[in-house]
Amino acid sequence: MTTRKSLQDHALAASRHGSHESARYVLRFVADRKSWCEETFRARWDGAAALLTWWHDLDPTVRPPLDDLKAEDARNFLSYLETQGLARSTMKGYRTGAAALTYALRACRKHPVVLAHDHAPFKGVHPTPVKRSLPVSVEVADLSTMASPQARAKLELLLALIKLGLSVPEVCSRSWRNVNLQDRLIVGYRGRCLKFGVEVVAALEGLPPPRYGGQRLLGWQPDAARRWLRRVKQIDETAAQ
């Protein structure tokens, strides 16, 4: 007679032996408890499966239990993903799925299940930021030919913030409440704070005062911002001829 495995047996089999079947069983249990839609479950499972693949490739003598990963293990997993040539968006999705599996295994390893726990090895661990090059090479003086002073100020701000390390969508989503003029700080994605200098200060001073704190700095969607960047590039190329 075959004895049916308990949820805790599945959590143990996944944590100690890397069983895909048991890992999926445990993740499905948590997905049902949290009312995930099927699409969310599939996306989380893709990341969980990638974590299991990484784990099985490790030397057995140093493999960590999957329900007790540390931040160092999380960083090693993301480093492994970076060697696979994956798109950054895919790595982010896999990170979320891997974190979901480690959360589920920790929650289900004992009876009763403890969904409210604080074991989060992936917290604060993210794929290595991609160093973005400036999309256009243009001096601020080249913008002097633009008819609209406000558009010129917005472009100067966009270029300065890109140099600072923000992406075009990130700049477009920033509002005045994300800017601390006194300390010269701007808050980007995930709450990261970046110190800015005179280029950003001068561009901000060229913009009209905001009507409210939630007003966007540029008021441009990313596609519109890219179109303005292309116009600036054309100005730069014409000046060079």
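- Under an unreviewed UniProt entry, the protein has the name Core-binding (CB) domain-containing protein and belongs to uncultured Truepera sp.

**A few points about helix H4 (residues 71-82)**
1) Next: With 12 residues, H4 should cover 16 Å at 1.5 Å per step; its first-to-last C-alpha distance of 17 Å lies within 8% of that length.
2) Next: When H4 is considered as a whole, its buried residues turn out to be Asp73, Ala74, Phe77, Leu78 and Leu81. Seen from one end, H4 has its buried residues packed into an arc of 135°, which puts them on one side.
3) Next: Tucked inside the fold, the buried residues of H4 contact helix H3 (38-57) and helix H5 (88-108).

**So, the sheet that holds strand S3 (residues 193-195)**
1) Next: Spatial ordering of the open sheet is given by S1-S2-S3, a layout of three strands whose pairing is antiparallel. Each having just a single partner strand, strand S1 (179-180) and S3 make up the two edges of the open sheet.
2) Next: Here S1 pairs with strand S2 (residues 185-187) via two bridges, running antiparallel. Bridged to Val179 within S2 is Ile186.

**Considerations on the packing of aromatic side chains**
1) Next: Applying the stated rule across the entire model yields three aromatic pairs.
2) Next: Measuring from ring centre to ring centre gives 6.1 Å for Phe77 and Phe122, while their planes differ by 90°; the resulting arrangement is edge-to-face. Placement of Phe77 in helix H4 and of Phe122 in the loop between H5 and helix H6 (149-164) is noted, with a sequence separation of 45 residues between them. Here Phe77 and Phe122 have matching classes, each one buried.
3) Next: A connected cluster of aromatic rings, assembled from ring pairs, spans Trp54, Phe77, Tyr80 and Phe122.
4) Next: Here the guanidinium or amino end of Arg28 rests over the ring plane of Phe41, the centre of that ring lying 3.8 Å away.

**Remarks on the pattern of salt bridges**
1) Next: One pass over the structure, following the stated rule, counts eight salt bridges.
2) Next: When the shortest N-O distance is used, the salt bridge between Arg109 and Asp67 registers 3.5 Å. Taken together, the positions of Arg109 in the loop between H5 and H6 and Asp67 in the loop between H3 and H4 put the pair 42 residues apart, joining distant regions of the chain.
3) Next: Among the residues examined, Arg109 registers a relative accessible area of 32% and is labelled partly exposed.
4) Next: A salt bridge links Lys70 to Asp68, with the nearest nitrogen and oxygen atoms 3.2 Å apart.

**Considering unusual backbone geometry**
1) Next: Residues His111 and Pro112 are joined by a peptide bond in cis, for which omega reads 5°.
2) Next: By the element assignment, Pro112 lies in the loop between H5 and H6.
3) Next: Phi is positive for Ser35, close to 60°, though the residue is something other than glycine.
4) Next: Ser35 sits in the exposed class, given a relative accessible area of 64%.

**A few points about the packing of helix H1 (residues 7-17) against helix H2 (residues 20-33)**
1) Next: Taken N-terminus to C-terminus, the directions of H1 and H2 make an angle of 130°; their axes are 8 Å apart at the nearest point. The orientation of H1 with respect to H2, classified from their angle, is oblique. Between H1 and H2 lies a crossing of left-handed hand. Side by side, H1 and H2 meet where Leu7, His10, Ala11, Ala13 and Ala14 of the first sit next to Ser22, Ala23, Tyr25, Val26 and Phe29 of the second.
2) Next: In the contact of H1 with H2, the residues fall into eight nonpolar, two polar and no charged.

**Quick notes on the nonpolar core**
1) Next: Ranked by size, the top nonpolar core spans 34 residues in total, and within it Trp45, Leu51 and Phe77 carry the most contacts.
2) Next: If you list the elements that add at least two residues to this core, you get H1, H2, H3, H4 and H5.
3) Next: With sequence-adjacent residues up to four places away left out, Phe77 is seen in contact with Gly47, Ala50, Leu51, Trp54, Tyr94, Ala98 and Phe122.
4) Next: Grouped together as the second largest cluster of nonpolar side chains are 29 residues, Val179, Leu194, Val200 and Leu207 included.

**A word on the environment of Gln221**
1) Next: Considering the arrangement of structural elements, one finds Gln221 in the loop between helix H8 (198-205) and helix H9 (222-240).
2) Next: Put simply, Gln221 and Pro169 are 52 residues apart on the chain and 7.6 Å apart in space, counted from C-alpha to C-alpha.

**Describing H1**
1) Next: The set of residues buried in H1 consists of Leu7, Gln8, His10, Ala11, Ala13, Ala14 and Ser15.
2) Next: On its buried face, H1 sits against H2, H3 and H5.

Here is what the cut-offs are and how they apply
Residues numbered from 1 in each chain as written. Predicted model: local features only at pLDDT ≥ 70, side-chain atom pairs only at ≥ 80, totals over all residues. Heavy atoms only, no water. Helix = DSSP H or I, 4+ residues; strand = E, 2+ residues; numbered from the N terminus. Expected span 1.5 Å × (residues − 1). Buried < 20%, exposed > 50% of the residue type's maximum accessible area, 1.4 Å probe, protein only. Arc of directions from axis to C-beta. Contact = heavy atoms within 4.5 Å. Pairing = 2+ DSSP bridges. Phe/Tyr/Trp six-rings, centres within 6.5 Å; stacked < 30°, edge-to-face > 60°. Lys NZ or Arg CZ within 6 Å of the ring centre and 35° of its normal. Salt bridge = Lys/Arg side-chain N within 4 Å of Asp/Glu carboxyl O. Axes fitted to C-alpha atoms, helices over the stretch in contact; angles between N-to-C directions. Parallel < 35°, antiparallel > 145°, perpendicular 65-115°, else oblique. Left-handed = near helix turned anticlockwise from the far one by under 90°. Nonpolar A, V, L, I, M, F, W, Y, C, P; charged D, E, K, R; others polar. Core = buried A, V, L, I, M, F, W, Y, C linked by side-chain atoms within 4.5 Å.

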